[in-house]
Amino acid sequence: MDTASTLVPIYDTFRAVVRSASPIDVATGLAAIWALRAVIQAFRRRFRTTRLRGPKSTSLLFGVAKELSTSPDTGTIFEEWSKKYGVAYEVPMIFGRRRIVLCDPKAAAYLLSKDTWSYVGTAGNKERVARTIGKGLFWSEGESHRRQRRSIAPSFNSTTIRKLTPAIHKTADKVRAAWETSIESNGGGTVVVGVQKWMHYASLDSFGIAGFSYDFGSLHGRPNSMISVLDAFGTPSTPNFWDGTALLISLFHPIILNVPTSRFEMFAKLRARMSEICEVLIDNAAKEQDDTSDERVSTIGLLLKAEDGNSGGRITREEVQAQAIVMTWALIELARHPNVQTKLREELLSFGGEPSYDQLTTGFPYLDAVVQETLRTHSSVQDLIRQPSEDDVIPLSQPVQTRSGEVVDRIAVKCGTEIGISVPGMNCSEAIWGPDARMYRPERWLEPDGVTKKAQEVKGYRHLLTFGDGPRACIGKLFAIAEIKTVLSVVIKNFVLEMRDGLDTKVEVERGITLRPKVAGEEGIKVPMRIRQYKG
């Protein structure tokens, strides 16, 4: 059937409808169409992002961006602003741009539930991800992200992590053996160790074995390229004015990433070295494809057996660093709180032998509380930055006052509006977690009302945003938690930890490319602790 023969019946039907209609019907229909068109056009013209109150700019050029980029505790800053302006407010950023900040569980849950679809990464962040780890899972949006995540998910589910736990435990045993040897060689008393370095190596080795069936040998002192990459990634940086300025501008104008600065050149070198390392690791893991036994398994090996082996599932330095940083903070808090350390040790010693994945998951409630409290108070992720891909309205749990004085319980956001959620601002908010929100208190996770009703409104894993939420929530969270619990269980059962200079030792947050703890006055990112064997 040709096009003409198809259109003739349609045209005849249209003529019949028009002839049967009265002039009034036709006029009414045309008026309705015109009115609808006028309403749509007027709405599009008038739709504007709700102008909210917020802090004043501290810099004509940078707004408050430099203040936030240099602060070791942005969570406190965001909460102070939230107390003053409400659960949603706006802050001035670079070149007069403005960012809406959400400190509201309801609003955050709404936005993150639509992540990768109605809300996407900003151009600057996406370009930086593309340049550092490529256009894989962390870069993709929408259907592409859904497809990649679905392909990768089996490599990170509880069944897989259950099989990987013994490999993680072997890595933790290497830490124990090395520390025991150091103590024995120093007369059997106490020794001082740099725990951040050891947690760094433990995280790398367990990730290599479990993720790629490859032992980096970091805990045995074997030189390897990955260590140099991670050391560069975590080394405290002192960027010059141009480096810092270019980094801020690149968040809003990605083209600036092409400008040759020392920081951007370091990013390029790190990515090139990481790509070389990943090729070696993937080649090693590819050998598993012909192995049908359950004894040899790794996350990347499982991924290579899937239909889509190019889904973006690859080791990232951020993942290795994040786990090492959390484990370091956990040891710091246990050394700062001897009563917590003792209570945890008693629970761990009540169990004989090496705990399985299921036992680590459900059989040690105080260990779980210590890990969750560490994840709550020391998140390695600072901000979740998104922008709507279309005009939208975000609901709020509490009304806020706009700049014009109007009180609203929802805010309009125009396509492209930058929206931020402070992870430490939400995780440690007194309005959400109560007056002791900034205290390290694992018992809150075991008390009937320890997790407040407001905190229970946070939809992230265990009511935290440490692993994000929604379609872009951290896919490796089960592996991270299993590793942290395994390492802590081995270390605390066998050793007593103390801050080298006493309980009042000042611990600072060092801003490199990542935020890492360090003892005040120490060079680099050292966290020296005094350890001795626990002998009962």
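Positions within a chain are numbered from 1, following the residues in the order the chain's sequence is written. For a predicted model such as this one, the threshold for reporting local features is a pLDDT of at least 70, and the threshold for listing and counting side-chain atom pairs is 80 or more; totals across whole chains, interfaces and linings nevertheless cover every residue. Water and hydrogen atoms were dropped before computing side-chain values, which therefore reflect all heavy atoms in the structure.

(A) Structural view of the overall build of the chain. Helix and strand assignments come from DSSP, with helices taken as H or I runs of at least 4 residues and strands as E runs of at least 2, each series counted from the N terminus. Within the chain, the secondary structure is distributed over 20 helices and 12 strands. Scored against the burial criterion, the 536 residues of the chain give a buried share of 50%. By definition in these notes, contact holds between two residues if any of their heavy atoms fall within 4.5 Å. Taking all contacts inside the chain whose residues are at least 6 apart in sequence as the whole, residues at least 24 apart take part in 72%. The classification of residues rests on relative accessible area computed with a 1.4 Å probe and restricted to protein chains. Under 20% of the type maximum is buried, over 50% is exposed, and intermediate values are partly exposed.

(B) Quick look at the packing of helix α15 (residues 338–349) against helix α20 (residues 477–494). Following both chains from N to C, one finds α15 and α20 inclined at 100°, their axes separated by 9 Å at the closest point. One way to sum up the angle between α15 and α20 is to call them roughly perpendicular. Listed contacts from α20 to Gln 341, Leu 344, Arg 345, Leu 348 and Leu 349 of α15 are Leu 488, Ser 489, Ile 492 and Lys 493. The class makeup of the residues in the contact of α15 with α20 is 5 nonpolar, 2 polar and 2 charged. Interaxial angle, 0 to 180 degrees, is taken between N-to-C directions of lines fitted to C-alpha atoms, where a helix line uses only the stretch in contact. Orientation is classified from the angle alone, with under 35 degrees giving roughly parallel, over 145 giving roughly antiparallel, 65 to 115 giving roughly perpendicular, and any other angle giving oblique. Residue classes follow a fixed rule: Ala, Val, Leu, Ile, Met, Phe, Trp, Tyr, Cys and Pro count as nonpolar, while Asp, Glu, Lys and Arg count as charged, and any other residue, Gly among them, counts as polar.

(C) Focus on the pairing of strand β8 (residues 418–422). Across the 5 residues of β8, 5 count as buried, placing the element largely inside the fold. Side-chain alternation along β8 places Glu 418, Gly 420 and Ser 422 on one buried face and Ile 419 and Ile 421 on a second face that is also buried. Paired strands, in this sense, are two strands between which DSSP finds at least two bridges. With 4 bridges joining them, strand β2 (residues 98–102) and β8 adopt parallel strand pairing. By the bridge assignment for β8, Leu 102 is matched with Ile 421.

(D) Spotlight on the sheet that holds strand β12 (residues 528–533). Sheet architecture is open: 3 strands sit in the order β4-β12-β9, paired in antiparallel fashion. Bordering the open sheet on either side are β4 (191–194) and β9 (495–499), each of which pairs with just one other strand. For this sheet, the mean inter-axis angle between neighbouring strands, taken without regard to orientation, is 40°. When β4 meets β12, the two strands line up antiparallel, connected through 4 bridges.

(E) Inspection of the packing of α15 against helix α17 (residues 365–377) at higher detail. Where α15 contacts α17, the axes come no closer than 8 Å and their chain directions differ by 140°. Overall, the two elements α15 and α17 adopt an arrangement that is oblique. Across the interface between the two elements, Val 340, Lys 343, Leu 344, Glu 347 and Leu 348 of α15 pack against Pro 365, Tyr 366, Leu 367 and Val 370 of α17. For the contact of α15 with α17, a count of residues per class yields 7 nonpolar, no polar and 2 charged.

(F) Representation of unusual backbone geometry within the structure. The phi dihedral of Thr 116 falls on the positive side, at around 75°, and the residue is not glycine. As for its placement among the helices and strands, Thr 116 is situated in the loop between α5 (105–113) and β3 (119–120). In this structure, His 463 takes a positive phi of about 65° despite not being glycine. Summarising the element assignment, His 463 is placed in the loop between α19 (430–433) and α20. His 463 sits in the partly exposed class, given a relative accessible area of 26%.

(G) A look at the packing of aromatic side chains. Only centres within 6.5 Å qualify two rings of Phe, Tyr or Trp (six-membered ring in Trp) as a pair; their planes then separate them into stacked at under 30 degrees, edge-to-face at over 60, and tilted for everything else. All told, the structure shown has 8 aromatic pairs when counted by the stated rule. With a centroid separation of 5.8 Å and 80° between ring planes, the pair formed by Phe 78 and Trp 81 is classed as edge-to-face. With Phe 78 and Trp 81 both in helix α4 (residues 74–85) and 3 residues apart, this pair spans about one turn of that helix. Residue Trp 81 is classed as buried on the basis of its relative accessible area, which comes to 12%. With 6.3 Å between their ring centres and 85° between their planes, Trp 179 and Trp 198 make a pair best called edge-to-face. Pair noted here: Trp 179 is in helix α8 (residues 158–185) and Trp 198 is in helix α9 (residues 195–212), with a separation of 19 residues, a long-range link. No difference in accessibility class separates Trp 179 from Trp 198, as the two residues are buried. Seen from the ring of Phe 62, Lys 66 lies directly overhead, with NZ or CZ sitting 4.8 Å from the centre. Both a distance and an angle decide whether a charge sits over a ring: NZ of Lys or CZ of Arg must be within 6 Å of the ring centre and within 35 degrees of the ring normal. Here the basic side chain of Arg 376 rests over the ring of Trp 433, its NZ or CZ set 5.3 Å away from the ring centre.

(H) Molecular detail of the side chain of Thr 116. Residue classification places Thr 116 among the buried residues on the basis of a relative accessible area of 2%. In the analysis that follows, any N or O atom pair within 3.5 Å is treated as a polar contact, provided that within protein one partner can donate a hydrogen and the other can accept it, and provided that, for residues neighboring in sequence, both atoms belong to side chains. Looking at Thr 116, its side chain comes within polar contact range of the side chain of Trp 117, at 3.4 Å. If we ignore the near neighbours within four places in the chain, the residues touching Thr 116 are Glu 141, Gly 142, His 145, Pro 471 and Arg 472.

(I) Representation of the nonpolar core in the model. Throughout, nonpolar core names a set of buried Ala, Val, Leu, Ile, Met, Phe, Trp, Tyr and Cys residues whose side chains join them through atoms within 4.5 Å. Grouped together as the largest cluster of nonpolar side chains are 81 residues, with contacts concentrated most on Leu 102, Trp 179, Leu 331, Ile 394, Ile 411, Ile 421 and Met 529. If sequence neighbours within four positions are ignored, Leu 331 has contacts with Val 195, Met 199, Leu 488, Val 491, Ile 492, Leu 497 and Met 529.

(J) Looking closely at the pattern of salt bridges. When a carboxyl oxygen of Asp or Glu lies within 4 Å of a side-chain nitrogen of Lys or Arg, that pair is called a salt bridge. Throughout the structure, instances matching the rule amount to 27 salt bridges. Arg 438 is the salt-bridge partner of Glu 79, the closest N and O atoms lying 3.8 Å from each other. Of this pair, Glu 79 sits in helix α4 while Arg 438 sits in the loop between α19 and α20, and the two are 359 residues apart along the sequence. Taking the relative accessible area as the measure of exposure, Glu 79 reaches 6% and is therefore buried.

(K) Highlighting the sheet that holds β3. On the basis of which strands lie adjacent, the open sheet formed by 5 strands has the order β1-β2-β8-β5-β3 and mixed pairing. Of all the strands in the sheet, the pair left with one neighbour each is β1 (88–92) and β3.

(L) Geometry of the pairing of β12. Summarising the sheet, β9 and β12 pair through 5 bridges and their orientation is antiparallel. Bridge pairing in β12 links Met 499 to Met 529.

(M) Molecular detail of the confidence of the model for the chain. Averaged over all residues, the pLDDT of the chain equals 81, while 71% of them reach at least 70. For every residue, the pLDDT score states the predictor's confidence, bounded by 0 at the bottom and 100 at the top. Contacts for the low-pLDDT stretch residues 306–315, under 50 throughout, to residues beyond four places or in other chains number 29 contacts.

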